Amino acid sequence: MKAIGFKTSLSIEKEDSFIEFEIPKPVPGAQDLLIKVEAISVNPVDFKIRQNSAKDTVLDTPKIIGWDAVGIVEAVGEKVSLFKVGDEVFYAGDLTKQGSNAEYQVIDERIVGKKPKSLSKEQAAVMPLTGLTAWEILFDRIRINPEKDKGKTILIIGGAGGVGSIAIQLAKKIAGLTVIATASRPESIEWCKQQGADFVVNHKNLIEEVRNAGFQQVDFILDFVDVNQYWSAFVELIKPQGHIGSISDPKENVNLRELKTKSASFHWEFMFTRPMFQTDDMIEQHHILNKLSDLLEDGTIQSTLKTTLNGLTAENVKKAHQLLESGKTIGKIAIKF
């Protein structure tokens, strides 16, 4: 099969930052599906791993990354019970296994969901990683209860990004929250409003902007950008007994003691925790993806696809990474095979 990967960590403009190569088609294990991949998406985790996983070394075998895919089940392992050959599926995958930037991929059935039938392959391919991340941070980490918490306020940092876009929709449509999202450019402000944000504020003057929008403090804060950059604002803006969740990678420590007098909680979200550690509730990702599929199917939430590239090529993967690394992308980027 054809695959796209890299042997060393290079800046994206370098000729060999991604290369095309051939490897044997993988064989599924007992609880695995063999997927014929039809479309993929890119996420910030992709370029972070490309930049850091093969520094100052040259790998013998190219590393295949990619953690969003849509495809068709071509073969199943002997213990598979959730899917059959021919099923259309979507998934984000497992950070410890071979990625989706290839014609075929083996994936544990417990982290796979049914593809929403009414969505195109590329529309569906952009949803698993960000959908799982947003769902887990809202409902598994912060444990928002739609009945009890309806009408409460949530501040979402990075509203126009991949995770921010779907988090706005889930916070509004499923949790019933009042959503304040951050964005600064006219096009990203408009995008946040399209996703369902009630208020859009500029992250550059966060406290002042939130207060000017009419909120002294907020019940929940989601950080999808940089917890270090906004920490002092979070401490100021979070309500007593509120909850802050983050997916960012801080370069410095944060002082959790500053939340003590408010009895406020801080939560990490890492979408790969369940598959990486083979947790007892790993199958929850299968259930969450199926819930997201139903919500996409009935139009409750919308795909966050913004850009589509055609063809599994090194050039297209490089282009997608360049767009992401610019820090100015809105919504999600898909590559359709």
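Because the structure is predicted, anything quoted here is derived from the model rather than measured.

Caption draft 1: A look at a nonpolar patch on the surface. A cluster of nonpolar side chains, contributed by Phe 270, Met 276 and Phe 277, occupies part of the molecular surface with about 300 Å² of accessible area. Phe 270 gets classed as partly exposed once you look at its relative accessible area, which sits at 38%.

Caption draft 2: The environment of His 203, seen in detail. Along the chain, the position of His 203 falls in the loop between strand E10 (199-201) and helix H7 (206-212). As a C-alpha pair, His 203 and His 243 span 40 residues in sequence and 19 Å in three-dimensional space. Discounting chain neighbours no more than four positions away, the residues touching His 203 are Thr 182, Ser 184 and Tyr 230. Of note is the side chain of His 203, whose polar atom sits 3.1 Å from the side chain of Tyr 230.

Caption draft 3: Geometry of the nonpolar core. Leu 138, Ile 144, Ile 154, Ile 156, Leu 170 and Leu 222 are the most contacted members of the largest nonpolar core, which totals 81 residues. Considering each element in turn, this core owes the most residues, 7 residues, to helix H3 (residues 128-141). Apart from residues lying up to four places away in sequence, Ile 156 is in contact with Gly 164, Ala 167, Ile 168, Ala 171, Val 179, Ile 180, Ala 181, Thr 182, Leu 222 and Phe 224. Counting residues in each nonpolar core, the second largest holds 21 residues, with Val 210, Phe 234, Ile 238 and Phe 266 among its members.

The rules behind the values
- Residues numbered from 1 in each chain as written.
- Predicted model: local features only at pLDDT ≥ 70, side-chain atom pairs only at ≥ 80, totals over all residues.
- Heavy atoms only, no water.
- Patch = residues over 30% accessible without salt bridge, like charges linked within 9 Å, V, L, I, M, F, W, Y side chains within 5 Å.
- Areas by Shrake-Rupley, 256 points an atom, 1.4 Å probe, with all protein chains shown as cover.
- Salt bridge = Lys/Arg side-chain N within 4 Å of Asp/Glu carboxyl O.
- Buried < 20%, exposed > 50% of the residue type's maximum accessible area, 1.4 Å probe, protein only.
- Helix = DSSP H or I, 4+ residues; strand = E, 2+ residues; numbered from the N terminus.
- Contact = heavy atoms within 4.5 Å.
- Polar contact = N/O pair within 3.5 Å; in protein donor to acceptor, adjacent residues only side chain to side chain.
- Core = buried A, V, L, I, M, F, W, Y, C linked by side-chain atoms within 4.5 Å.

Taken by themselves, the reported measurements are silent on function.
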